[in-house]
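Below, each chain spelled out in residue letters.
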Amino acid sequence: MSRERVIVTAVVLLGVAMYAVPAALIVPSFVGDTGITASIQDGGANGSQSATDLNFSEVASERGLVYESVRKQAGMRGKISRSGAFVADYDRDLDSDALLLGGNRPMLFENDGGRFSRSKALPSLNESAQYRTALFVDYDNDGWRDLVIFPLFGEPLLLHNDHGSFSPRPEAFRTRINVPVSATAADYDGDGCADVFVAQNGDWKTTYPARVMPNRTADNGQRNYLFRGTCDSDFQRVDVGIDGEHWSLSTSFVDFTGDGRPDIHVANDFHHDLLYVNRGDGSFEPREIPKTNRNGMASEVADVDGDTDPDIFVSNIYWTRQIREKLDTIGVITEGSIGNNLLINDGEGNFTDRAVEYDVRNGRWGWAASMTDLDNDGDLDLFHTTREQFVPEELEAKWGEQFEYYQHSRIFERVERGRFEDRTATAVGMVKTDGRGVGQLDFDADGHADLIAANADGTTRLYRNQAPNGNALQVTVRPDDNRTVLGTTVTVVTENRTNYRRLNAKADFLSQDSHVLHVGIGDADRIERLRVEYPDGTVVRFHDLCPNRRLVVRGDRIVERRMLGTNATRTATC
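Residues numbered from 1 in each chain as written. Predicted model: local features only at pLDDT ≥ 70, side-chain atom pairs only at ≥ 80, totals over all residues. Heavy atoms only, no water.

- In the nomenclature of an unreviewed UniProt entry, the chain corresponds to CRTAC1 family protein from the organism Halopelagius longus.

**Examining the sheet that holds strand β2 (residues 84-88)**
- If you walk across this open sheet you meet the six strands as β5-β4-β3-β2-β35-β34, and the pairing is mixed. Looking at strand neighbours, the two that pair on one side only are β5 (115-118) and β34 (507-508), the edges of this open sheet.
- In this structure, β2 lies alongside strand β35 (residues 511-512), joined through two bridges in parallel fashion. Bridging from a neighbouring strand, F86 pairs with Q512 of β35. (Pairing = 2+ DSSP bridges. Helix = DSSP H or I, 4+ residues; strand = E, 2+ residues; numbered from the N terminus.)

**Some words on the environment of D375**
- Examined against the element boundaries, D375 turns out to sit in the loop between β24 (366-372) and β25 (381-386).
- With residues near it in sequence (within four places) discarded, D375 still touches L54, D381, E413, A467, N469 and G470. (Contact = heavy atoms within 4.5 Å.)

**Comments concerning the confidence of the model for the chain**
- Counting all residues, the mean pLDDT for the chain is 87, and 83% of those residues have values of 70 or more.
- Segment residues 1-48 is flagged for pLDDT under 50; beyond a separation of four residues in sequence, or across chains, it makes 134 contacts in the model. (pLDDT = per-residue confidence, 0-100.)

**Section: the pattern of salt bridges**
- Applying the stated criterion across every chain, the model contains 27 salt bridges.
- Between R423 and E413 there is a salt bridge, with the nearest N and O atoms lying 2.8 Å from each other. On the criterion of sequence distance, the pair formed by R423 in strand β27 (residues 419-423) and E413 in strand β26 (residues 410-416) is long-range, its members being 10 residues apart. The same class applies to R423 and to E413, which are both buried.
- Measuring nitrogen to oxygen at the nearest pair gives 3.1 Å for the salt bridge that ties E533 to R531.
- R531 gets classed as partly exposed once you look at its relative accessible area, which sits at 23%.
- One salt-bridge network, in which partners are shared between bridges, spans E413, E416, R419, E421 and R423. (Salt bridge = Lys/Arg side-chain N within 4 Å of Asp/Glu carboxyl O. Buried < 20%, exposed > 50% of the residue type's maximum accessible area, 1.4 Å probe, protein only.)

And the structure:
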């Protein structure tokens, strides 16, 4: 039997399924990526054992965030998941609320002082629709976060936020989207209105990725779409050089080239990641990002190396040497399953993968990610979900234990300027989870970044951050002149360091983080300067601010201040 036939047989044996193990296992040898495998060391199942202050407690049930996902979906082959977590302060009370997907119906949870309850703010939705992903975006710049939810094989539904209550705006997009997995927003044409980009995966019901089929080279997924916003409930689909049919999984809409115009990163399964460079004339130039031809899943943007340029973390698949050897015996090519990418930007949109140098390569089977300062020491840490591994019954007895350690989320603590250390998930309070989406928030306003992890095969996890040390500043930016604030940059200066944050859509695979920008400042007891630069170049500065505050900036004013910690519900005067 030919090797190609063996590979296809292995696909069938393992039950190719959307977002299940088999399809992404079958990855051929990649041109340009040769030699990488030799440099990857298998990480231990228990991670690093050095001391850490990271400490989480799973409190979803205790705090009222009770939601259960449904693993199998009708009409699609095999096991798939729609389990997503999307964070926004939809009612503007300075408490981060959460929209959860993946169960029988979408559920919006209102946060009241650190406790969640089911909100009645959503209208009745089509009960027969399977809602796949979502995006909170203030499309009309009134300061209230609106919501777009995306069903499988249907038109996106825009829900207008009228002071904390949502109502549908029909036919806002007028485009059928088949398999939406990630959506993001930015103002690509500089008109002050938020535009929406939607990434699609392929339809596993009708086809398999070309990369795993014999004699196929062209990608054969679904088209990704860009919709031009008008600051009204009318989004216009535009053809601006975003071509091809890919098996995309996540996307970010950020200025990667330093020219003030937002570009688009797309993480692709079975293909190179793509950067669509904004030419400034209403069109985009596509560029393949070298050494990314694997199984890109997350698109998490942060300034990792401290040069103020946006870098990108992309989760992937990492098989241990033992598992690679076993899978090779049944004809499954695993050469490409060599782990995460950490794409460091040179400031002009040229990226170098430095995941090995930063020690974040081994992410097991990664999905959505969040980069935030989890211990308030001033450095960004990294969390990403991982999935439970599917093992065929005939191989369970022999191989099952080899896959066990994949079922814990990955958490990497920044310990040096150029290095992270992985932490044992169970040792810092995290439980076994078949994870997909993740949302970062500070739900109890204690000044520490918490996490919601969507669970594909059970109840949602809410991890309360109990790290003992470190001060923080949290900043929310609201529009003041009927122009979007997406693209605003915030710089926090203390005696010891300068921290830089960028307000983008904060969206990822089946995920969206809070728009509250969280900045850890260590033991600093004063903020010397807060600098806010809006997308149009306007700069405002505030001086001599207190730490442990949540500030709301609108135009050139701080319009709300709230204390973080035990006095979080009191209005701050400092």
